[in-house]
Amino acid sequence: MRKIKNNLILHFCLIVLVSSCSITRNKKTNENTSSVEINLKNAIPVNSKEAYLKRMQWWQDAKYGMFIHWGLYSSLGGEYKGEMTPRIAEWIQNTMKIPLVEYKRLMKDFTAEKFNADEWVSIAKAAGMKYIVLTSKHHEGFALFDSKVSDYNVMNTPYGKDVVKELKEACAKQGMRFGLYYSHLMDWEHPHAYTGEGKMKRRINTLDFNADEMDRSIYLKEKSFPQLREILTNYGKIDLIWYDMGAGLNVDEIEEFVDITRELQPEIIISSRIGLLPVPKTIDNNMLFDYITTSDNYFTGDDLSMPWEMPGTTNSSWGYRKDDHEWRGAKLILSSLIASASRNGNYLLNVGPMANGEIPSEPIKNLKIVGNWLHKNGEAIYDTKGSSFPWNYNWGYITEKPQNIYLHILNWPNTNTIELNGLLTNIDHVSLLEKGTKLKHVQKGRFLTIDLTGVNKDDLATVLVVHYKDSLLQIDPTISQSLNNTIRLDRVSSIYNKEEALSTWKFKVETPGNYKIQVISNEKGKHENPEWRGSQQIGHIEVAGKTIPLELKRDEEKVNPTLFFYKEIRSNVGEIKFPKKGVYELKLNGFEINAEKHTKEFGLNRIELIPVK
Ligand code: H79
């Protein structure tokens, strides 16, 4: 996603290119795509927005999936010649410069004697996950399926059976949706998997091959396209294809991937990492992917303009890594799931089995805890839509269904009350989702206040249901003070002018007086080395006729409820006086803000104005 947003020029060119190609797309006459014509005309699922949304429905309702990274790297567990790789474990061949002949010998260690497809699916089921995505081939080039295209596959290991087939069958048996990851551009076994120059060159196996002699069309023709045809032909219905690292492919190449995919699996859902592409402005035939994959392990807090999914890890690697015991706890997993759902996103959470086929016990345990919670509270996750409120709340997140607003309390409030601000619809009742117990509440003006006295707190998340009878939920989008008088200015509710590096909020003040200003932001960048950009910019805040120079300091830090590796930083900025009731404006000047993981801008989360007692 970051790639998409960072490339505005490319963005424009691609939009033009993609749409002008659309006319010719169905007219290709070469062998690979001749049959596409018929299929695309008859079955392209994006002929109308309705058809697209219908095809996407199961996935949007599912919310939660299991990612499985399994390959030859799994047998190393991150260790090569007595040393641990400093980077993600599945990159070990590239990072530790392991010669291909030697790496290929790992095939003999792919024993999988404890692999039981039914058991894996049962684990996902018990976790409350609704779909599974398996690495059919990762960057290393080794296929987990019976491939006639390349011998570098699971049939030539001691295990000797087709893993894709077994898992697909187990999924079909247990009613689990099944998707495949396929690294379509990168391949460290093929001599022609050329990804590009500069930084892109690091994605090539330059240890065994000479990048200057590479011809990508050979790789695509010999391995990537035909293997894709194999996985999309030999296993019945495939629900989703997770292309990865497609940056470097040109639009023609991307289109060819799309054509093959849609030809063989018209109902399939395609991930955005198929290439460096813009987010489509409209849902139509020209779409080359169906949903946006966000940056790994990074939830920005935003809703996006089309369906989206955050892929995440349970420790720090995707592939099995034996020294990494920093497992993401159940509460963090659940927070990420709830937060994603509250902004209409899915969460695809990874496990990295060992070469013997065992999934490490710690993530299984944590997944199960979340699964038990979902068993009781699933109504508030599955089939929901995101929050209608344009701001966030400190106590947790919101999901919705017609007539119901679900409040997921992750941080129990000291006041024992939960408050919704801006609600205009009349409430019928408020209850505890799990027990159905009705809760005392008061609705006055734009505030709904719910009394939590006597409510048993669920340490993971307590869900309240706010039930209303009107056909529509009405919300007043004006930002105003909460009942404890704090004013919360979320990045998601700001008007941002990028050229002027200016963020503006308008808000109502009911209680005049002195307020402390605090800026809350997130670290970003590589997970091995999170960075905080607060000290790299200077600017000022203009509010209530005053200009306050801004130099942010790391005054407080805490673990982020959704971002495993990245701290939430609080900076004290000063004080401001609101002399009387009324509408005020706050301008954050000189700060380029952007919540995404790999952008250099400041990762603003919100500004809080807190009354001075
Ligand atoms: O499959 C998982 C990752 O292996 C894959 N995508 C997820 C779902 C992925 N491939 N590349 N990346 C993610 C980006 C990471 C690049 C890095 Fe590196 C690998 C950073 C450090 C090692 C390339 C090589 C850039 C620096 C060295």
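Residues numbered from 1 in each chain as written. Predicted model: local features only at pLDDT ≥ 70, side-chain atom pairs only at ≥ 80, totals over all residues. Heavy atoms only, no water.

Enquirer: Please clarify how the overall build of the protein should be interpreted in this entry.
Expert: Each helix and strand in the protein was counted, giving 13 helices and 29 strands. By the compact-globule yardstick of 25 Å for 613 residues, the protein fits well, its C-alpha radius of gyration being 25 Å. A principal-axis box enclosing the C-alpha atoms of the protein has dimensions of 75 × 55 × 50 Å. Across the 613 residues that make up the protein, the buried fraction comes to 59%. In the protein, 73% of the contacts between residues at least 6 apart in sequence involve partners at least 24 apart. For the protein, the exposed surface amounts to about 25100 Å²; the carbon and sulfur share of it is 50%. In the protein, which carries 79 positive and 77 negative side-chain charges, the distance between the mean positions of the two groups comes to 5 Å. (Helix = DSSP H or I, 4+ residues; strand = E, 2+ residues; numbered from the N terminus. Rg over C-alpha atoms; globule rule 2.2 N^0.38 Å. Buried < 20%, exposed > 50% of the residue type's maximum accessible area, 1.4 Å probe, protein only. Contact = heavy atoms within 4.5 Å. Areas by Shrake-Rupley, 256 points an atom, 1.4 Å probe, with all protein chains shown as cover. Lys, Arg positive; Asp, Glu negative; His and termini not counted. Charge placed at Lys NZ, Arg CZ, Asp CG, Glu CD.)

Enquirer: Sorry if this is basic, but what is going on with the sheet that holds strand β11 (residues 385–386) here?
Expert: Sheets are built from strands that pair by backbone hydrogen bonding, the pairs being arranged parallel or antiparallel. Spatially, β11-β12-β13-β18-β15 is the arrangement adopted by the five strands of the open sheet, whose pairing is antiparallel. What marks the edges here is a single partner per strand, and that holds for β11 and β15 (427–432). Looking at chain direction, β15 and strand β18 (residues 462–468) are connected through five bridges and run antiparallel. Each bridged residue has a counterpart across the sheet, and for Leu432 the counterpart in β18 is Leu464. Each of β11, β12 (396–401) and β13 (404–409) touches helix α12 (residues 330–342); the most contacted strand, β12, lies at about 50° to it. (Pairing = 2+ DSSP bridges. Axes fitted to C-alpha atoms, helices over the stretch in contact; angles between N-to-C directions.)

Enquirer: Even after reading the chapter, I still don't get the packing of helix α10 (residues 216–233) against helix α11 (residues 251–264), so can you show me in this structure?
Expert: Pairs of packed helices are described in terms of their axes, by the angle between the two and the distance that separates them. The contact between α10 and α11 brings their axes to 10 Å, and the two run at 20°. With respect to their mutual orientation, α10 and α11 come out roughly parallel. Crossing angle aside, the handedness with which α10 passes α11 is right-handed. In this structure, α10 uses Arg216, Leu220, Ser224, Phe225, Leu228, Arg229, Leu232 and Thr233 to contact α11, whose residues at the interface are Glu253, Glu256, Phe257, Ile260, Thr261, Glu263 and Leu264. Classifying every residue of the contact of α10 with α11 by side-chain character gives seven nonpolar, three polar and five charged. (Parallel < 35°, antiparallel > 145°, perpendicular 65-115°, else oblique. Left-handed = near helix turned anticlockwise from the far one by under 90°. Nonpolar A, V, L, I, M, F, W, Y, C, P; charged D, E, K, R; others polar.)

Enquirer: When you look at the packing of aromatic side chains in this model, what are you seeing that I'm missing?
Expert: Centre distance and the angle of the planes are the two values used to describe a pair of aromatic rings. Scanning the entire structure with this criterion turns up 30 aromatic pairs. Ring centres of Phe142 and Tyr152 lie 5.6 Å apart, and the angle between their planes is 75°; on these two criteria the pair is classed as edge-to-face. Placement of the pair is Phe142 in the loop between β4 (131–137) and α9 (163–174) and Tyr152 in the loop between β4 and α9, with a sequence separation of 10 residues. For Phe142, a relative accessible area of 1% translates into the label buried. Connected via pairs of aromatic rings, a cluster forms that spans Trp70, Phe110, Phe115, Trp120, Phe142, Tyr152 and Tyr159. In this arrangement the basic side chain of Lys104 is found over the ring face of Tyr152, its NZ or CZ atom lying 5.0 Å from the centre. The ring of Tyr382 carries the charged tip of Lys130 above its face, separated from the ring centre by 4.3 Å. (Phe/Tyr/Trp six-rings, centres within 6.5 Å; stacked < 30°, edge-to-face > 60°. Lys NZ or Arg CZ within 6 Å of the ring centre and 35° of its normal.)

Enquirer: Help me understand α10, please; the structure alone is not making it clear to me.
Expert: Its 18 residues give α10 an end-to-end C-alpha distance of 24 Å, which sits within 8% of 26 Å, the value for a rise of 1.5 Å per residue. At Glu222, α10 shows its maximal bend, which comes to roughly 25°, and the proline Pro226 appears one to four places after that position. On its buried face, α10 sits against β4, β5 (177–182), β6 (240–243) and α11. (Expected span 1.5 Å × (residues − 1). Bend = angle between axes of the 7 residues up to and from the residue.)

Enquirer: I'm lost on the sheet that holds strand β17 (residues 447–451) in this one. Help?
Expert: The three strands lie next to each other as β14-β17-β16, forming an open sheet whose pairing is antiparallel. At either margin of the open sheet sits one strand with a lone partner, and together these are β14 (417–421) and β16 (441–444). This sheet shows a mean twist of 15° between the axes of neighbouring strands, independent of strand direction. Bridge count between β16 and β17: four bridges; the pairing is antiparallel. Bridge pairing links Lys444 to Phe447 in β17.

Enquirer: Whenever I open this one, α12 confuses me. Can you help?
Expert: Each full turn of the α-helix corresponds to 3.6 residues, which orients residues three or four apart in the same direction. The terminal C-alpha atoms of α12 lie 18 Å apart, and with 13 residues this matches the ideal 18 Å at 1.5 Å per residue to within 8%. In terms of burial, α12 is a largely internal element, 12 of the 13 residues being buried. The complete set of buried residues in α12 reads Ala330, Leu332, Ile333, Leu334, Ser335, Ser336, Leu337, Ile338, Ala339, Ser340, Ala341 and Ser342. At the exit of α12 stands Asn344, carrying a positive phi of roughly 70°.

Enquirer: Please explain the environment of Lys199 as it appears in this structure.
Expert: Along the chain, the position of Lys199 falls in the loop between β5 and α10. The exposure class assigned to Lys199 is exposed, which follows from its relative accessible area of 67%.

Enquirer: Sorry if this is basic, but what is going on with the side chain of Glu189 here?
Expert: Looking at where Glu189 falls in the secondary structure, it is placed in the loop between β5 and α10. A polar contact is formed between the side chain of Glu189 and the side chain of Lys104, at a distance of 3.3 Å. In this view, Glu189 contacts Leu100, Lys104, Glu140, Gly141, Ser150, Tyr152, Phe209 and Lys223; residues no more than four positions away in its chain are not counted. (Polar contact = N/O pair within 3.5 Å; in protein donor to acceptor, adjacent residues only side chain to side chain.)

Enquirer: What is the right way to look at the environment of Gly236 in this model?
Expert: Secondary-structure assignment places Gly236 in the loop between α10 and β6. Judged by its relative accessible area of 43%, Gly236 is partly exposed. The spacing of Gly236 and Leu100 is 136 residues in sequence and 33 Å in space, taken between C-alpha atoms.

Enquirer: Would you mind showing me how to read the pattern of salt bridges here?
Expert: Two side chains with opposite charge may pair up if their charged atoms get near one another. A complete count under the given rule lists 34 salt bridges for this structure. The salt bridge involving Lys201 is made with Glu197; its shortest N-O contact spans 3.4 Å. You can call Lys201 partly exposed: its relative accessible area is 29%. On the accessibility criterion, Glu197 (44% relative accessible area) is partly exposed. A cluster of three or more residues bridged by salt bridges with shared partners is formed by Lys104, Lys137, Asp187, Glu189 and Lys223. (Salt bridge = Lys/Arg side-chain N within 4 Å of Asp/Glu carboxyl O.)

Enquirer: Looking at this model, I keep getting lost on the pairing of strand β10 (residues 345–351). Mind explaining?
Expert: On a regular strand, each side chain points to the face opposite its neighbour's, so the side chains alternate between the two faces of the sheet. Burial analysis of β10 places seven of its seven residues in the buried class, the great majority of the element. Residues Gly345, Tyr347, Leu349 and Val351 point to one face of β10 and Asn346, Leu348 and Asn350 to the other, with burial holding for every one of them. As paired strands, strand β1 (residues 64–68) and β10 are joined by five bridges and run parallel to one another. What sits directly across from Ile68, in β10, is Val351. Pairing of strand β9 (residues 308–312) with β10 involves five bridges; the strand directions are parallel.

Enquirer: In this structure, what is going on with the site of the ligand? I would like to understand it.
Expert: The ligand sits among 15 residues. The nearest are His69, Glu90, His138, His139 and Asp244. Between the ligand and the protein, one listed contact pairs an oxygen atom with a side-chain N or O atom of His138 at 2.7 Å. Asp244 places a side-chain nitrogen or oxygen 2.7 Å from a nitrogen atom of the ligand. Split by residue class, the shell around the ligand holds six nonpolar, three polar and six charged. (Near = heavy atom within 4 Å.)

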